[in-house]
Amino acid sequence: VAKGSQKVAQGKDSTNNSNARWIDVEICVLRLENVHTDLLITLSVPRRGIKCEDEGGGEGGQRSEVFKEVLLGFNIKDWSIFD
């Protein structure tokens, strides 16, 4: 499980940093050994009203409550789709 921030340009001209915004990204990789695969769960949340020149990288640290709920609620109900 990891958390970070990413600078993302908006619109057609992705080289124009004046439209760039920060988004917070949370990821979790689950190893599903019995079906020989990994599963990646991600959550991306834009920081409202904050341009890249206004604020630097992410807050890091703890997972958000929403992401905790996603991870705790994750459940594979039908393993047969992996056969």
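The rules we used
- Residues numbered from 1 in each chain as written.
- Predicted model: local features only at pLDDT ≥ 70, side-chain atom pairs only at ≥ 80, totals over all residues.
- Heavy atoms only, no water.
- Helix = DSSP H or I, 4+ residues; strand = E, 2+ residues; numbered from the N terminus.
- Buried < 20%, exposed > 50% of the residue type's maximum accessible area, 1.4 Å probe, protein only.
- pLDDT = per-residue confidence, 0-100.
- Contact = heavy atoms within 4.5 Å.

A. Main features of the overall build of the protein chain. Check the secondary structure of the protein chain and you find 1 helix and 3 strands. In the protein chain, the order of α-helices and β-strands from amino to carboxyl end is β-β-β-α. By the burial criterion, 16% of the 83 residues in the protein chain qualify as buried.

B. Layout of the confidence of the model for the protein chain. Confidence along the protein chain averages 78 in pLDDT terms, with 69% of residues attaining 70 or more. Within the model, the stretch residues 56-61 combines pLDDT values under 50 with 13 contacts to residues more than four positions away or in other chains.

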